[in-house]
Structure formats: structure tokens, C-alpha cells
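Below, each chain spelled out in residue letters.
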Amino acid sequence: TADGVLLVWHDNNVEGKRIEKHPYEDFKYYRLKNGEPIPTIDQYMEQAKKHPETVLVYEMKKHSCDEVEDRFVELAIENLKKHDLLDPSRVIFISFSYHICKRLAKELPGFTVQYLNGEKKPSKVKADGISGIDYNYKIFKLNKKWVSKAHRQGMTTNAWTVNKKEDMQEMLNLKVNMLTTDQPLEARELMKEMNIKEL
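These remarks concern the structure in this document. (Residues numbered from 1 in each chain as written. Predicted model: local features only at pLDDT ≥ 70, side-chain atom pairs only at ≥ 80, totals over all residues. Heavy atoms only, no water.)

**What to know about the overall build of the protein chain**
The helix and strand tally for the protein chain stands at eight helices and eight strands. The C-alpha radius of gyration of the protein chain comes to 18 Å, within 12% of the 16 Å expected for a compact globule of 199 residues. Its C-alpha atoms put the protein chain at 50 × 40 × 35 Å along the principal axes. For the protein chain, the computed accessible surface area is about 11500 Å², with 49% contributed by carbon and sulfur atoms. Once the 33 positive and 31 negative side-chain charges of the protein chain are each reduced to a mean point, those two points are 6 Å apart. (Helix = DSSP H or I, 4+ residues; strand = E, 2+ residues; numbered from the N terminus. Rg over C-alpha atoms; globule rule 2.2 N^0.38 Å. Areas by Shrake-Rupley, 256 points an atom, 1.4 Å probe, with all protein chains shown as cover. Lys, Arg positive; Asp, Glu negative; His and termini not counted. Charge placed at Lys NZ, Arg CZ, Asp CG, Glu CD.)

The structure is reproduced here in C-alpha cells:
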């Protein structure tokens, strides 16, 4: 928000109000379909701390300019430190903002940072210090060697959002490290069928 509160929200706007342009007070009224308010990152992290077995995938949304994104990165790091979760075994970062990815890679060496947009070759992403790619599965279908090329450079790979069994199978055959799916039980069952214990 304009006053530096981090919200857990998918889009840039809430009912037409751009989050980064409004203070937190302007969003307190809003209720999710289940009646709850939009959670703040503090509330989310308090829940995360209760589940140390869970790795958090922290997606950082694009903002209007580099300056706002820099502040966003600073606030996110401060918040993770405050909750004792700034640990590469507990959190990985993803973003469609190449600027955010580069900034995170610089500020947090040793953490997994994956770029989401899909237009850059693994070698370009690696050259800019970013440790992974997290591309729509259709990108990997068109560029089947990108997964192995990324792995040869020590990068991690993720494919999103893979919901059909045949697409999951293709991504698993390419040996992506992670799958984003709305069908996790089906994905786990397929992994058993393919004798894949973990990604």
C-alpha cells in the first residue's frame, strides 16, 4: 500500500483502487468471499511459522516503477527477518518483474529466485544473477531444451499452471524441478506412476 503495508492479494487493484496508490485504511472494509479481510503479510507469516515443513513460494507482484519495487523488496526482506523466516530452506521468490528478480538475487545470494515471464533464455537470466526460471508450461513445450540448459547452469525450473495429466507428464519428462498445479493430488499420483519421489 502507499503507506508500506504488504497485502496478500493477487492483483494490482481492489475494486478499482490501485493498491500502491492508496493507504491500508482504504482496504480494511473489503471482505473476501468467506467474510475475512484481505490478509496482511504479517498475518500470513504468523500462519507460515506454524508449518516449518512448508516452503513458502513468495510471489512479488510488478509495481509501477523501479523505485516502488525497490521499496517493496526492502519491506519484504524486513518482514521475513522479523518473522525469522529469511531462510533459503523456508522461502523461494518468484516474480514477473525482472527488476525485482535482479534485486532479490543481489540482496539475497543463495536464495532461489525465479523469473516468471517466459521471454528470456536461461543463459540470459543466469547472466543477470537470477537462479531460476518459472515459466508457463507452454513455453517449455515450445523450447524443450530450456529445462536441461537451465539445469546445466545450476538453475532451478518450475512450470505453471499444469492441470492436464498429459501436460504434467510432459513437464515431468523434461525434469522440471517444480510444478504449479490446481490438481496436486493428481500430480502426486502421476509422480508415483512415473516413479518420481520428489521434484
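And the narrative resumes.
**Details of the nonpolar core**
A general trend in soluble globular proteins is that nonpolar side chains are found buried together. Among the nonpolar cores identified, the biggest contains 46 residues, and Tyr58, Met60, Phe93, Phe140 and Met171 are the most heavily contacted of them. Examining the composition of this core, we find that six residues originate from one element, helix 2 (residues 66-82), more than from any other. Once residues lying within four places of it in the same chain are set aside, the contact partners of Met60 are Phe72, Val73, Ala76, Phe93, Ile94, Ser95, Phe96, Ile100 and Leu104. Within the second largest apolar cluster, six residues are counted, among which are Val14, Ile19, Phe27 and Ile38. (Core = buried A, V, L, I, M, F, W, Y, C linked by side-chain atoms within 4.5 Å. Buried < 20%, exposed > 50% of the residue type's maximum accessible area, 1.4 Å probe, protein only. Contact = heavy atoms within 4.5 Å.)

**Re the sheet that holds strand 5 (residues 113-115)**
What the six strands build is an open sheet, ordered 3-4-5-6-7-8; its pairing is parallel. Strand pairing shows two members of the sheet lacking a second neighbour, strand 3 (56-59) and strand 8 (178-179), which therefore form its edges. Judged from the two bridges that link them, strand 5 and strand 6 (residues 132-136) form a sheet pairing that is parallel. Paired with Gln114 across the two strands is Gly132, which belongs to strand 6. The sheet strands contacting helix 3 (residues 98-107) are strand 4 (91-95) and strand 5, and the helix crosses strand 5 at an angle near 160°. (Pairing = 2+ DSSP bridges. Axes fitted to C-alpha atoms, helices over the stretch in contact; angles between N-to-C directions.)

**Considering the pattern of salt bridges**
Side chains that carry opposite charge are capable of pairing whenever their charged atoms lie near each other. Tallied over the full model, the rule gives 16 salt bridges. Its salt-bridge partner being Glu78, residue Arg71 comes within 3.9 Å of it at the nearest N-O pair. Look at Glu78 and you get partly exposed, because its relative accessible area is 45%. In this structure, Asp128 and Lys124 form a salt bridge, with 3.0 Å as the shortest nitrogen-oxygen distance. Among the residues examined, Asp128 registers a relative accessible area of 25% and is labelled partly exposed. Looking at Lys124, the relative accessible area reads 41%, which means it is partly exposed. (Salt bridge = Lys/Arg side-chain N within 4 Å of Asp/Glu carboxyl O.)

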